[in-house]
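Reading the structure
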Amino acid sequence: MKTLLLTDIPPSSNLTAGIVTAQMCRCIPPGELAIFCVQNPHLHPELYADLSHVPMRVVPKPNELNAGKGRSPIRCASTILAETYRRMHLITPLVNQAVEFGREQRATALWAILQGQTMVRMTGSVALGLGVPLRTQVWDPLGWWLSAHGVDAINTRLDLALFDRTLKRSVSCATASWEMARRYERKYGTISHPIIASLDQSIARKPEPTLRCQDELAIGMAGQFYASEEWNQLAWSLSLAGWQVNGRRVVVRVLGHQKPPGVPEEHLDFQGWQPQTRVVELLSETCDILYCPYPFKASMVEVAELSFPSKIPTYLAAGRPILFHGPKYANAARYLEERRAGFICRAMEADAVYDGLLHLVEDQDLYKRLADGAQSAFHSDFTLERLSDAVRRFLGY
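Attention in this report is confined to the structure presented alongside it. Values in this document were obtained by computation on a predicted structure and should not be read as measured data.

Quick word on the overall build of the protein chain
From N to C terminus, the protein chain includes 14 helices and 14 strands. Computed over the C-alpha atoms, the radius of gyration of the protein chain is 22 Å, within 12% of the 21 Å expected from 2.2 N^0.38 for a compact globule of 397 residues. The C-alpha extent of the protein chain, read off along each of the three principal axes, is 65 × 55 × 40 Å. By the burial criterion, 55% of the 397 residues in the protein chain qualify as buried. Partitioning the intrachain contacts of the protein chain with sequence separation of at least 6 by distance along the chain shows that 72% fall at a separation of at least 24. Here the protein chain displays about 17200 Å² of accessible surface, and carbon together with sulfur accounts for 52% of that area. Of the side chains in the protein chain, 42 bear a positive and 40 a negative charge, and the two mean positions are spaced by 7 Å.

A look at the pattern of salt bridges
Inspection of every chain in the model, using the stated rule, returns 24 salt bridges. One salt bridge connects Asp8 with Lys61, and the closest N-O pair in it is separated by 2.8 Å. Residue Asp8 is found in the loop between strand 1 (3-7) and helix 1 (16-25), and its partner Lys61 is found in the loop between strand 3 (56-60) and helix 2 (73-104); the two are separated by 53 residues along the sequence. Under the relative-accessibility criterion, Asp8 is labelled buried at 4%. Exposure remark for Lys61: the relative accessible area of 10% places this residue in the buried category. Arg346 serves as the salt-bridge partner of Glu337, at 2.2 Å between the closest nitrogen and oxygen. Taking the relative accessible area as the measure of exposure, Glu337 reaches 47% and is therefore partly exposed. Arg346 sits in the partly exposed class, given a relative accessible area of 41%. In this structure, a network of salt bridges that share partners links the residues Glu83, Arg86, Arg87, Arg121 and Asp159.

Some thoughts on the state of the cysteines
Overall, the coordinates contain 0 disulfides when judged by the stated rule. Cys37 forms no disulfide, and the closest cysteine sulfur to it belongs to Cys25, at a distance of 11 Å. Overall, Cys37 belongs to the buried group, its relative accessible area being 0%.

Rules behind the numbers
- Residues numbered from 1 in each chain as written.
- Predicted model: local features only at pLDDT ≥ 70, side-chain atom pairs only at ≥ 80, totals over all residues.
- Heavy atoms only, no water.
- Helix = DSSP H or I, 4+ residues; strand = E, 2+ residues; numbered from the N terminus.
- Rg over C-alpha atoms; globule rule 2.2 N^0.38 Å.
- Buried < 20%, exposed > 50% of the residue type's maximum accessible area, 1.4 Å probe, protein only.
- Contact = heavy atoms within 4.5 Å.
- Areas by Shrake-Rupley, 256 points an atom, 1.4 Å probe, with all protein chains shown as cover.
- Lys, Arg positive; Asp, Glu negative; His and termini not counted.
- Charge placed at Lys NZ, Arg CZ, Asp CG, Glu CD.
- Salt bridge = Lys/Arg side-chain N within 4 Å of Asp/Glu carboxyl O.
- Disulfide = S-S within 2.5 Å.

This is how it looks when you write it as structure tokens:
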């Protein structure tokens, strides 16, 4: 058995999707994996040394972003022409290269990550060209990606229809959440397995389930700032309160590639991008509450319902309570509520998120329950052992 992974992000230590992909690749026995990566030329992934033995071919990915927004006839026509050109002239050469590489590697199965229009347009043809079973993986709903990248209505309909056909012909699907797995099984009749970012149990922490000190409140945030409007409401609420909660001076401790907006330098501790082990250590030892914003806007309902923030397993491993600032229908909100591992702030407004912080600071019993729940949830659902079991079922081992 040999699996060809078709992906746009290789296993890598500096990209969130690359970290999860690497975890999954390690579940496959040596000699049974090859990778064909259609990579954005602007990305600079840092590859893992322990996966250097895996045969990999990297080719440049066509531009998927249509510049500018608006509904002027000229702009709409330009987008339609650009996407149609990519579809008709740039996909076939990529498919041919992937099929050629797969044959060289004697692939017996295809594992394809359906992220973006290029991967969706390639996958079915690569599977047909190789004549092997297709196993697909979905990080986020395709509709969100197409909207964010300015794809026109005609090509959006074509890509969504192709996505549906690809899922229906798959023998299995790896999904980003439990809800996505349930929904895809109902819609496509394809056996689906939730596979979510996980961590080695050895790096999990068990801090005392209390606030660290009397005069400071450290709010931790790791990863990227997708939910910018929600984040701005948090910053605004703290600004209105003079950057204090119940008499405690607030410090916002951020771990990621970019500095957040709206936080004065004297209240910001920007740590930059850190290795995962270090992230868990800093969140556990130097933070009190871990903040996870998620979008309320109507255009992001499907994302909130079906996706699962990769930062949540990291937060759970740190063993601190999570303040989830997102809609009640979000998959992550339901999970944290069921596991009693986070306080759910169900309104976007500044006063609501500040009220959540105040509850966690003033109610010591609540703080302890949620910290204990976070530690328990991690060990139940997000260890590498659980991930390995799910990956093997997905890939048919």
